[in-house]
Amino acid sequence: MFLITIALFLTYFVMEPVFATAIDDGFTPFFNGDITLGEAIRSGLAPFHAFMANRVDPVAIQELQALRSDGEQQNLRPEEASFSLLIPSFLLSEVGKAFQIGFLIFMPFLIIDLVVSAILMSMGMMMVPPVVVSLPFKLAFFVVSDGWTLIASALVRNYQ
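Residues numbered from 1 in each chain as written. Predicted model: local features only at pLDDT ≥ 70, side-chain atom pairs only at ≥ 80, totals over all residues. Heavy atoms only, no water.

Undergrad: Would you mind showing me how to read the overall build of the protein here?
TA: For the protein, the helix and strand inventory stands at six helices and zero strands. Against the compact-globule benchmark of 15 Å for 160 residues, the protein has a radius of gyration of 23 Å, which places it well outside the compact range. Along the longest, intermediate and shortest principal axes, the C-alpha atoms of the protein span 75 × 40 × 20 Å. Put simply, the protein has 160 residues, and 23% of those count as buried. Split by element, the accessible area of the protein, about 11100 Å² in all, is 73% carbon and sulfur. Across the protein, the centroid of the 7 positively charged side chains sits 6 Å from that of the 14 negatively charged ones. (Helix = DSSP H or I, 4+ residues; strand = E, 2+ residues; numbered from the N terminus. Rg over C-alpha atoms; globule rule 2.2 N^0.38 Å. Buried < 20%, exposed > 50% of the residue type's maximum accessible area, 1.4 Å probe, protein only. Areas by Shrake-Rupley, 256 points an atom, 1.4 Å probe, with all protein chains shown as cover. Lys, Arg positive; Asp, Glu negative; His and termini not counted. Charge placed at Lys NZ, Arg CZ, Asp CG, Glu CD.)

Structure representation (structure tokens):
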């Protein structure tokens, strides 16, 4: 529940300018009667398209484009891609970034586990589970390094 709450508030923090632009460009003029519904939808979706196009991995969009059998133009730039191609490419790019972040978070903890295991083995304490001994060190490392702030700031900087 805690991680979902953090994810929701960080999402709001990152996406608030995009939502504001979509409302200002699409929905407000439509409710004022200045543009039609079709124009409002196009204007409202444009900020989301630009957001995803600026952050999509070009390799992911080319791979998905190659899977299309409708003969769509090859080597499309992300700005030219339709939502049906851009959304899955963006999601695959985000999953790739998530695995990279997870790996970078995992490595220091793995090193702590290896060091504790080596120390316990050298002391002849083979029956003591290394996880029990290393957990306080992992928690202390995360708290001392201000882990939540580092993770949140790295995630937000990824979108700016």
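Undergrad: It is not clear to me how the nonpolar core should be interpreted in this structure. Could you clarify?
TA: One broad trend across soluble globular proteins is that nonpolar side chains are buried collectively. Counting 16 residues, the largest nonpolar core has Val14, Phe51, Leu85 and Leu86 as its most contacted members. Looking at this core, the elements that each hand over two or more residues are helix H1 (2-31), helix H2 (37-55), helix H3 (58-67) and helix H4 (83-122). Apart from the residues within four sequence positions on either side, Leu86 is in contact with His49, Met52, Ala53, Val56, Ile61, Pro78 and Ala81. (Core = buried A, V, L, I, M, F, W, Y, C linked by side-chain atoms within 4.5 Å. Contact = heavy atoms within 4.5 Å.)

Undergrad: So what exactly am I meant to see when it comes to the layout of surface pockets here?
TA: Over the atoms rolls a probe the size of a water molecule, and its path tells where empty space is left. A volume near 780 Å³ is recorded for the largest pocket. Lining the largest pocket are 26 residues, with Ala7, Thr11, Glu94, Leu155 and Tyr159 sitting closest to its centre. Listing elements by their share of the lining of the largest pocket, those giving two or more residues are H1, H2, H4 and helix H6 (147-157). Per-class residue counts for the lining of the largest pocket are 22 nonpolar, two polar and two charged. One number sums up the size of the second largest pocket: a volume of about 250 Å³. Every residue lining the second largest pocket is counted, 13 residues in all, and those nearest its centre are Leu104, Ile105, Gly147, Leu150 and Ile151. Counting residues per element, the ones that place at least two in the lining of the second largest pocket are H4, helix H5 (130-144) and H6. Class assignment for the residues of the lining of the second largest pocket results in 11 nonpolar, two polar and no charged. (1 Å grid on protein atoms, 1.4 Å probe; cavity = no way out; pocket = protein on both sides within 12 Å on 5 of 7 lines; lining within 4 Å. Points joined across faces, edges and corners; volume = space filled by probe spheres on them. Nonpolar A, V, L, I, M, F, W, Y, C, P; charged D, E, K, R; others polar.)

Undergrad: How should I be thinking about the side chain of Lys138 in this particular structure?
TA: Tracing the backbone through its elements, the reader meets Lys138 in helix H5. For Lys138, the side chain forms a polar contact with the side chain of Asp113, separated by 2.9 Å. Those residues in contact with Lys138 that sit more than four places away from it in its chain are Phe109, Ile112 and Asp113. (Polar contact = N/O pair within 3.5 Å; in protein donor to acceptor, adjacent residues only side chain to side chain.)

Undergrad: Would you take a moment to explain the side chain of Ser89 for this structure?
TA: By secondary structure assignment, the location of Ser89 is in helix H4. Leaving out residues up to four positions away in the same chain, Ser89 has contacts with Val56, Ala60, Ile61 and Leu64.

Undergrad: How do you make sense of H3 when you look at a structure like this?
TA: Given 3.6 residues per turn, any residue in an α-helix points the same way as the ones three and four places further on. Of all the positions in H3, only Ala60, Ile61, Leu64 and Gln65 are classed as buried. The buried residues of H3 occupy one face: seen down the axis, they fall within an arc of 130°. Summarising the geometry of H3, the exposed residues directed more than 90 degrees from the buried face are Val59, Glu63 and Ala66. (Arc of directions from axis to C-beta.)

Undergrad: Can you help me understand the packing of aromatic side chains in this one?
TA: In this description, a pair of aromatic rings is defined by centroid distance and the angle of the planes. Tallied over the entire structure, the rule returns eight aromatic pairs. Taking the centre distance of 5.4 Å and the plane angle of 80° together, the rings of Phe2 and Trp148 count as edge-to-face. A residue pair is termed long-range when its members are at least 10 positions apart, and Phe2 in helix H1 and Trp148 in helix H6 qualify at 146 residues. Since its relative accessible area comes to 51%, Phe2 is described here as exposed. Judged by centre distance (5.4 Å) and plane angle (90°), the rings of Phe142 and Trp148 are edge-to-face. The exposure class assigned to Trp148 is partly exposed, which follows from its relative accessible area of 42%. Here a set of aromatic residues connected by ring pairs shows up, and it is made of Phe2, Phe109, Phe141, Phe142 and Trp148. (Phe/Tyr/Trp six-rings, centres within 6.5 Å; stacked < 30°, edge-to-face > 60°.)

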